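Below are the chains, spelled out letter by letter.
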Amino acid sequence: MAQMTMIQAITDALRTELKNDDNVLVFGEDVGKNGGVFRATEGLQKEFGEDRVFDTPLAESAIGGLSIGLALEGYRPVPEIQFFGFVYEVMDSINGQMARMRYRSGNTKTSPITIRSPFGGGVHTPELHADSLEGLIAQQPGVKVVIPSTPYDAKGLLIASIRDNDPVVFLEHMKLYRSFRGEVPEGEYTIELGKADIKREGKDVTLIAYGAMVHTCLKAAEELEKNNVSAEVIDLRTVSPVDYETIIESVKKTNRVVVVQEAQRQAGVASNIAAEIQERAILHLEAPVLRVTAPDTVYPFSEAEEVWLPNHQDVIDKVNSVMNF
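Source: prediction; values computed, not measured.

Conventions we followed
Residues numbered from 1 in each chain as written. Predicted model: local features only at pLDDT ≥ 70, side-chain atom pairs only at ≥ 80, totals over all residues. Heavy atoms only, no water. Core = buried A, V, L, I, M, F, W, Y, C linked by side-chain atoms within 4.5 Å. Buried < 20%, exposed > 50% of the residue type's maximum accessible area, 1.4 Å probe, protein only. Helix = DSSP H or I, 4+ residues; strand = E, 2+ residues; numbered from the N terminus. Contact = heavy atoms within 4.5 Å. Polar contact = N/O pair within 3.5 Å; in protein donor to acceptor, adjacent residues only side chain to side chain. Pairing = 2+ DSSP bridges. Salt bridge = Lys/Arg side-chain N within 4 Å of Asp/Glu carboxyl O. Axes fitted to C-alpha atoms, helices over the stretch in contact; angles between N-to-C directions. Parallel < 35°, antiparallel > 145°, perpendicular 65-115°, else oblique. Left-handed = near helix turned anticlockwise from the far one by under 90°.

**Student:** Is there a simple way to explain the nonpolar core in this structure?
**Tutor:** Residues I94, I137, I208, L236, I247, I273 and I277 are the most contacted members of the largest nonpolar core, which totals 47 residues. The set of elements that each furnish at least two residues to this core consists of β2 (24–28), α3 (60–72), α4 (91–97), β5 (114–119), β7 (168–173), α9 (244–254), β13 (257–264) and α10 (269–280). With 5 residues, the top contributor of residues to this core is α10. Those residues in contact with I247 that sit more than four places away from it in its chain are I208, I234, L236, V242, I273 and I277. M6, I10, I159 and A160 belong to the second-largest nonpolar core, a separate cluster that totals 34 residues.

Written out as structure tokens, the structure is:
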């Protein structure tokens, strides 16, 4: 296996699918000659040509509309929204059109579109670049929302997303792009969408997270182990749909749960997971399901983001609360 960063794994996945299927098209703001803001598409235009990897105007709404038209003509568009904070400009295309295509056409048309976009804090971006807005999309039936936490997962999940016949929003946490390397197979492989992964097994408490917060939970689990608390860490990988089967099996084993997300507390993925656990497995719980989230304010300017973002000590504090309930 090769050692890759997440950004390299994403580029490898895009190259794999561009080779495999002539109907795959990659486009967005500066993704062509420049290779994207983070160089996720570097070299792809030179390799596959301007007809298949190309730049668009700085207009997210136009990118969304183009994606829908191409999908209806048999292509598999992979558009990039340069930063997910700009998703508001393309929200109607995603939630109003792509998500409803199969339903409104009586299952005669699909939207095999994979929207890639960076998001997430901890890298001192300007305003509107770091927002975690996955909850806005996860609320809409008909769209899958995928958020990898490792290079291995990123490649397998992205290939699976591009091959899926329904729209997928594929979110890439900026802090994870080049923060570490991991083993990634050089050939093609897929990871099932909607299937969580147990990143660390434990018996005392279940930590549920996705994206960069998976690594926050793993760090917390290491510290908790020193105090004889064994934490199981579940990486959702897909926040819509959610793999509740894996979650409930873990809850039955540990009887305590903390759900962790970088997004604000109100109306997020963590809230829904907490509610589902308490509906499906309340008799297995020895304590309330607690959440670790950012506060309910707009994302702060970069000088204050380290205070605002959840960290491993916040996770440890919540675990101590459920252990001592």
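**Student:** What's the story with the environment of Q45 in this structure? I'm lost.
**Tutor:** Assignment of secondary structure puts Q45 in helix α2 (residues 44–48). Note on Q45: relative accessible area 15%, which makes it buried. Filtering out sequence-adjacent residues up to four positions away, Q45 remains in contact with G32, K33, E50, V53 and F54. A distance of 3.4 Å separates a polar side-chain atom of Q45 from the backbone nitrogen of K33.

**Student:** Mind showing me how you'd approach unusual backbone geometry here?
**Tutor:** Residue P241 is bonded to the preceding S240 through a cis peptide linkage, with omega at 0°. For P241, the location among the structural elements is in the loop between β12 (238–240) and α9. The phi dihedral of D30 falls on the positive side, at around 70°, and the residue is not glycine. Its identity as a non-glycine residue notwithstanding, A267 has a phi of 60°, on the positive side. You can see A267 is positioned in the loop between β13 and α10.

**Student:** Teacher, can you tell me more about the pairing of β2 here?
**Tutor:** Two faces make up the sheet, and in a regular strand the side chains alternate between them. Burial of β2 is extensive: 5 of the 5 residues sit out of reach of the surface. Burial of the side chains of β2 extends over both faces: V24, V26 and G28 are buried on one face and L25 and F27 on the other. Here β2 runs beside strand β3 (residues 53–55); their pairing, made up of 3 bridges, is parallel. By the bridge assignment for β3, G28 is matched with D55.

**Student:** Whenever I open this one, the pattern of salt bridges confuses me. Can you help?
**Tutor:** Pairing between side chains of opposite charge can happen when the charged atoms of each approach one another. Taken as a whole, this structure holds 22 salt bridges when the rule is applied. Of the charged contacts, one joins E80 and R116 as a salt bridge, the two residues approaching to 2.9 Å between their closest N and O atoms. Here E80, found in strand β4 (residues 76–80), pairs with R116, found in strand β5; they are 36 residues apart in sequence, far enough to count as distant. Take E80 and R116: they sit in the same class, and that class is buried. Linked by salt bridges that have partners in common, D153, D197, K199, D235 and R237 make up one network.

**Student:** What am I meant to see in the environment of Q278 here?
**Tutor:** Tracing the chain through its elements places Q278 in helix α10. Linking Q278 and N255, residues 23 residues apart in sequence, is a C-alpha distance of 11 Å.

**Student:** Just to check I follow, could you spell out the packing of helix α1 (residues 6–20) against helix α7 (residues 151–163) for this structure?
**Tutor:** Each pair of packed helices gets described by two things: the angle between the helix axes and the distance between those axes. At a minimum axis distance of 8 Å, the contact between α1 and α7 shows a crossing angle of 30°. By the angle class used here, α1 and α7 are roughly parallel. Where α1 crosses over α7, the two elements pack in a sense that is right-handed. In this structure, α1 uses M6, A9, I10, D12, A13, L14, T16, E17 and N20 to contact α7, whose residues at the interface are P151, A154, K155, L158, I159, I162 and R163.

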